[in-house]
Amino acid sequence: MKGIRFLLLLLTALVLPSLCQAAPAYLNNNQVLMLPLRQTFETLGYTVHWFDGSIQLGREEDKVIFQYDRESYLHQDQVKPFAVLPRMMNSTIYVSQCFVEEVASFTREKKETDGEQFKLVLKNDNSSGHPGSRHTLQGELFHPYTYADHAVQKVPVLMYHMVDDPARYRGIGHYIRYLVHPDQFRAQLRWLRENGYHAVTLQDLYAHRHRGKPLPENPVILTFDDGYACAYQHALPELLRYDMVGTFFVCSENMDGKRYLSAEMLVEMHEKGMEIGSHSMTHPNLAKISLEQAAKEITQSKADLEALIGGEVQFFSYPYGAFNPAIQHLVKKSGYLGAVTTSMGYATMQEDMMKMNRVFIGYFDDLEQFAEKVGAVAH
Ligand SMILES: [Zn+2]
């Protein structure tokens, strides 16, 4: 009897690793599952080779070549951009679950994560592979980012407006300063990533200040005012690609789906991990209208946006950066945890979270100036 039990144990030990994958994975800032490249592709029947400084994944006729520090990969003779960039950690390369699904022609049947463990069931739908075959990837989740063990004193809260090609706007004149080109934006995100910055939300900052929740090293907050549709078209995909979150301040009455975001776009942005804040209902100068009207702009926009996204809207951005003590009091009384201004500077832990400074980023900021604006905060 003992012998049989031992044999069973031995068999289980031998068979299980070939069914499951034990290497840990992690969820990135946008809750995308990041899987270890080698173990994942070997489980799916690929060979994995380092090849001339890059990595080659092969399965029968199918070949994928990429370099983990490049922003695109070569698949079936086509150069394709990564939707989420791979990341190297502890000498292991992690790729996104969507990359695995796309490259290996698998569709997801099941995905379960509980903060500690993950389980992913993939079904092959590629006729050149093994159609119908299923693979289960499962293992532990780890926390990928290192957190500062001290209180963070200053955080740069970047202020963007439009992320779009100025050629689309005729007669934009001096308003061009409120716009950054998508290429410029991408270069800025790349700079932040390469220099070890981690995007966090205003909620993270609040929790750090009030509850001592640790922030990652070199935190940065990216905010976008006015809720332009280009936030969805250009800012969102780049943020996802670089594993970053953004905070979008939207006017609840401006959501036309043309110049501004539509309700559907906003819901999707929230679902993909972005933080949604209020920028009032109609973008008035709150200091110049009656307090009664101002109160409605502040409270109704919060209620409407919360109903729309099915989540909390906890931060406010003063339209035109205009506020006075009465307006500030109204914002606080309406249940917001904090508000941002257009005053240039870094958000500090000393100041009232009802009037946080920001760092303006616009068309005329080249990468050097951008780095200076963000990096001047430093360490
Ligand atoms: Zn505005």
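Here is a short report on the structure shown in this document. (Residues numbered from 1 in each chain as written. Predicted model: local features only at pLDDT ≥ 70, side-chain atom pairs only at ≥ 80, totals over all residues.)

## Overview of the overall build of the protein
Moving on, step 1. Check the secondary structure of the protein and you find 10 helices and 24 strands.
Moving on, step 2. With respect to the principal axes defined by its C-alpha atoms, the protein has extents near 85 × 55 × 40 Å.
Moving on, step 3. The buried share among the 379 residues of the protein stands at 36%.
Moving on, step 4. Excluding contacts between residues fewer than 6 apart, the proportion of contacts in the protein whose partners are at least 24 apart in sequence is 58%. (Helix = DSSP H or I, 4+ residues; strand = E, 2+ residues; numbered from the N terminus. Buried ≥ 20, exposed ≤ 12 C-beta atoms within 10 Å, placed from the backbone. Contact = placed C-beta atoms within 7 Å.)

## Concerning the packing of helix H4 (residues 182-194) against helix H6 (residues 230-241)
Packed helix pairs are characterised by how far apart their axes lie and by the angle those axes make with each other.
Moving on, step 1. Contact geometry for H4 and H6: axes closest at 10 Å, N-to-C directions at 20°. Classified by the interaxial angle, the pair formed by H4 and H6 is roughly parallel. When you trace H4 past H6, the crossing you get is right-handed. Together, Pro 182, Phe 185, Arg 186 and Leu 189 of H4 and His 234, Ala 235 and Glu 238 of H6 make up the contact between the two elements. (Axes fitted to C-alpha atoms, helices over the stretch in contact; angles between N-to-C directions. Parallel < 35°, antiparallel > 145°, perpendicular 65-115°, else oblique. Left-handed = near helix turned anticlockwise from the far one by under 90°.)

## Description of the sheet that holds strand E1 (residues 26-27)
Moving on, step 1. As summarised here, the arrangement of the four strands in space is E1-E2-E9-E8, forming an open sheet in which the pairing is antiparallel. A single partner strand is all that each edge strand has here, and the edge strands are E1 and strand E8 (87-89).
Moving on, step 2. Of the pairings in the sheet, the one linking strand E2 (residues 33-36) to strand E9 (residues 92-96) comprises three bridges and is antiparallel in character. When the bridges of E9 are listed, Leu 35 appears paired with Val 95. (Pairing = 2+ DSSP bridges.)

## Let's talk about H6
Moving on, step 1. Compared with the 16 Å implied by 1.5 Å per residue over 12 residues, the 16 Å span of H6 between its first and last C-alpha is a close match.
Moving on, step 2. Considered for burial, the residues of H6 that qualify are Cys 230, Ala 231, Tyr 232, His 234, Ala 235, Leu 236, Leu 239, Leu 240 and Arg 241.
Moving on, step 3. Looking at the packing, one finds that the buried side of H6 touches strand E15 (162-163), H4, strand E18 (219-225), strand E19 (247-250) and helix H7 (263-271).
Moving on, step 4. Positive phi shows up at Asp 243, right after H6, with a value of about 60°. (Expected span 1.5 Å × (residues − 1).)

## Some thoughts on the sheet that holds strand E7 (residues 78-81)
Moving on, step 1. Taken together, the five strands give an open sheet; going across it, the order is E3-E4-E5-E6-E7, and neighbouring strands pair in antiparallel fashion. The sheet is open, and its two edges are formed by strand E3 (47-51) and E7, each paired on a single side. The mean angle between the axes of side-by-side strands here comes to 25°, regardless of whether they run parallel or antiparallel.
Moving on, step 2. As defined by bridge partners, strand E6 (residues 72-75) adjoins E7 across four bridges and the pair is classed as antiparallel. Paired with Ser 72 across the two strands is Pro 81, which belongs to E7.

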